[in-house]
Amino acid sequence: MSKIAIVCVDDQQIILECLQMQLERYYGDNFQLEFANTGVAALDTIESLKTSGINKIVVICDLNLGSIKGDELLSMIHAKYPDTGKILLSGYISTTLIEELKDKVKLNAYVYKPWDRQDLVKALDTTICDIMGWSYDANGLNPDVNKTAVLCISKNSDWKEAVNNKLKDTSCKLSFCVSPEEAIICIDELACAGVRHLVIVADWGINESDLIIDARSQFLSVKFVVMDGTDQHMLMSHFIKGVQLAGRFDSTTCVETACKVIKNAVSECVLC
């Protein structure tokens, strides 16, 4: 991958720490991450990155930075490095200022505090694609970054083995078939590995609500494929924010049909 850096600028240390925690998970393996608590420090950081040969940079900037306001800093950056990606992150951003910055410094995106991590990642992804000239789709950013995993959970070992073998023949590179007892551990491991989107295929009656809530807290999006579910069960999952019902089939259905439903769910894992 080309050398890309993300520079976060905020005068509150707790904000920088939150950004670092989230960005290291989704971008740490592929991008250089830098953090600055003043406008002057940010300018020095960008200069140092350019000197070291990193020419593609995205700046995430707060509006209120003390001596140098965020819009002023972005203007200074744009004047010297016009090809830098620019994202404004603030508790209040007027529509007038947004339009001014779009025109004046080519502002790529803006995100309101307190931010939703999906909004932040979407803003970063689209900005990175803009400065790199990439298309914005499931694989447009980078397949190693925009990871989607499939987790099939069942007590039926024969079904798990058959589905697992079938999925290995598809484009679902990260697919796992586990028992209900192994599910929570597997979800935690996938989250630590930087997976963004998770497709869960599961029987009902295995504490599915707790499972979904745990998964939703760790991934940008969760899609649920129901095995042997009733309409009531399907409606229940709509109460959990960020979870989508991606399909339903009877576990006695042939493996080919099951895998088709799973592949359709995976193909829909595109940030929108």
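Here is a short report on the structure shown in this document. (Residues numbered from 1 in each chain as written. Predicted model: local features only at pLDDT ≥ 70, side-chain atom pairs only at ≥ 80, totals over all residues. Heavy atoms only, no water.)

As a further point, take the packing of helix α1 (residues 13-27) against helix α5 (residues 117-132). Relative to each other, α1 and α5 sit at 55°, their axes nearing to 12 Å. Taken together, α1 and α5 sit at an angle that is classed as oblique. By crossing handedness, the relation of α1 to α5 is classed as right-handed. In this structure, α1 contributes L19, Q22, L23, R25, Y26 and Y27 to the contact, and α5 contributes R117, L120, V121, L124, D125 and I128. (Axes fitted to C-alpha atoms, helices over the stretch in contact; angles between N-to-C directions. Helix = DSSP H or I, 4+ residues; strand = E, 2+ residues; numbered from the N terminus. Parallel < 35°, antiparallel > 145°, perpendicular 65-115°, else oblique. Left-handed = near helix turned anticlockwise from the far one by under 90°. Contact = heavy atoms within 4.5 Å.)

Tallied over the full model, the rule gives 2 aromatic pairs. Measuring from ring centre to ring centre gives 5.3 Å for Y27 and F31, while their planes differ by 75°; the resulting arrangement is edge-to-face. According to the relative accessible area criterion, Y27 is buried, its value standing at 0%. Measuring from ring centre to ring centre gives 5.9 Å for Y110 and Y112, while their planes differ by 80°; the resulting arrangement is edge-to-face. Using a relative accessible area of 35% as the deciding quantity, one classes Y110 as partly exposed. (Phe/Tyr/Trp six-rings, centres within 6.5 Å; stacked < 30°, edge-to-face > 60°. Buried < 20%, exposed > 50% of the residue type's maximum accessible area, 1.4 Å probe, protein only.)

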